[in-house]
Amino acid sequence: MEASKLIKISKNIRKDIIRSIAVAGSGHTGGSMGMADVFTALYFSVLNHKPDNPNWPERDRLILSIGHIAPVLYASLAHAGYFKKEELLTLRKLGSRLQGHPGRDHNLPGLELSAGSLGQGLSVAVGLALSAKIDNKSWRVYSIHGDGELQEGSIWEAAMSASHYELDNICALVDRNGVQIDGKTRGVMNIEPLEDKFKAFGWNVIHCDGNNIAEVISAYEKAGKVKKQPSVIIAKTLMGKGIKTIEDNYTWHGKPPSSEQVEDFISQIESSN
């Protein structure tokens, strides 16, 4: 797909994130906005999947470990054709399939993991990747993590296992926006030197601009060529990307836009680079 079309899709995903969170009156705006380009790259270029057959056995598996950015996952699924876009406006409503954190028990197509408790997704991804190896399957596993989430010890247990079993069919991506709910990651619990940590655990490390769709796609292509080693993409992003007035502001981690802000935010998205 042409770069201009992908950029348009990412902007539309961002608009729907704002609309859905505003109607819900709660939700995680900042991280969802910052990851729209990564999800556009995944669902419209990288993943081998069939929206009209979400349980296709040969599909790639996407594990969203940071379940609180569910709005960007839901918007991406809707734009990819898994369900109607109108359903996005039921976010967080009683009885909705689109809850604040993804839940497979709500029967929303396209979900691989019920997520919420941070630090667990990489273990699930490793288990899936190992099972694919055992069964001689060609599908791949992609996991998404927050940089603050890397403060969880279970992440590094899973990282050690992936390297031990030479799982070259797994690619993790870290949303390196440098902020978390309580402030900058370097102040809350510094995770640097991050590249050295992953290399010490036996991972191939790739860097990219997570708000540049072409760079994200290229990073995933590089990861796909690595043999006998898991890969991690450290994607530099801006929390709140697309809305200049909230970019890189950690207070927007879990704050919804007001109804009065929606029109301005959508206008900023339309004019953003």
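The coordinates are above.
Here's what I pulled together on the structure shown here.

Criteria and thresholds
Residues numbered from 1 in each chain as written. Predicted model: local features only at pLDDT ≥ 70, side-chain atom pairs only at ≥ 80, totals over all residues. Heavy atoms only, no water. Helix = DSSP H or I, 4+ residues; strand = E, 2+ residues; numbered from the N terminus. Contact = heavy atoms within 4.5 Å. Phe/Tyr/Trp six-rings, centres within 6.5 Å; stacked < 30°, edge-to-face > 60°. Buried < 20%, exposed > 50% of the residue type's maximum accessible area, 1.4 Å probe, protein only. Lys NZ or Arg CZ within 6 Å of the ring centre and 35° of its normal. Core = buried A, V, L, I, M, F, W, Y, C linked by side-chain atoms within 4.5 Å.

Considerations on the environment of Leu118
Moving on, step 1. Within the element layout of this structure, Leu118 appears in the loop between helix 4 (70-80) and helix 5 (121-134).
Moving on, step 2. Measuring from C-alpha to C-alpha, the distance between Leu118 and Leu238 comes to 20 Å, with 120 residues separating the pair along the chain.
Moving on, step 3. Every residue in contact with Leu118, bar those within four places of it in the chain, is listed here: Ser65, Ile66, His68, Glu149 and Glu152.

Quick word on the packing of aromatic side chains
Moving on, step 1. The full count for this structure, using the stated rule, is seven aromatic pairs.
Moving on, step 2. With centroids separated by 5.1 Å and ring planes inclined at 45°, the aromatic side chains of Trp156 and Phe201 adopt a geometry described as tilted. On the criterion of sequence distance, the pair formed by Trp156 in helix 6 (residues 153-164) and Phe201 in the loop between helix 8 (194-200) and strand 6 (204-209) is long-range, its members being 45 residues apart.
Moving on, step 3. According to the relative accessible area criterion, Trp156 is buried, its value standing at 14%.
Moving on, step 4. What makes Phe201 partly exposed here is its relative accessible area of 28%.
Moving on, step 5. Grouped by ring-pair contacts, the aromatic residues Trp156, Phe198, Phe201 and Trp203 constitute a single cluster.
Moving on, step 6. We note Arg61 situated over the ring of Trp139; from NZ or CZ to the ring centre the distance is 3.8 Å.

Observations concerning the nonpolar core
Moving on, step 1. Phe39, Leu42, Tyr43, Ile144 and Tyr220 are the most contacted members of the largest nonpolar core, which has 59 residues in total.
Moving on, step 2. Those residues in contact with Ile144 that lie beyond four places of it in its chain are Met35, Val38, Phe39, Leu42, Leu62, Ile63, Leu64, Ser65, Ile66, Glu149, Leu173 and Tyr220.

Some details on the environment of Lys225
Moving on, step 1. In this structure, Lys225 sits in the loop between helix 9 (213-224) and strand 7 (231-236).
Moving on, step 2. Take Lys225: its relative accessible area is 68%, and that puts it in the exposed class.
Moving on, step 3. C-alpha of Lys225 to C-alpha of Asp168: the two residues are 57 residues apart in sequence and 8.7 Å apart in space.

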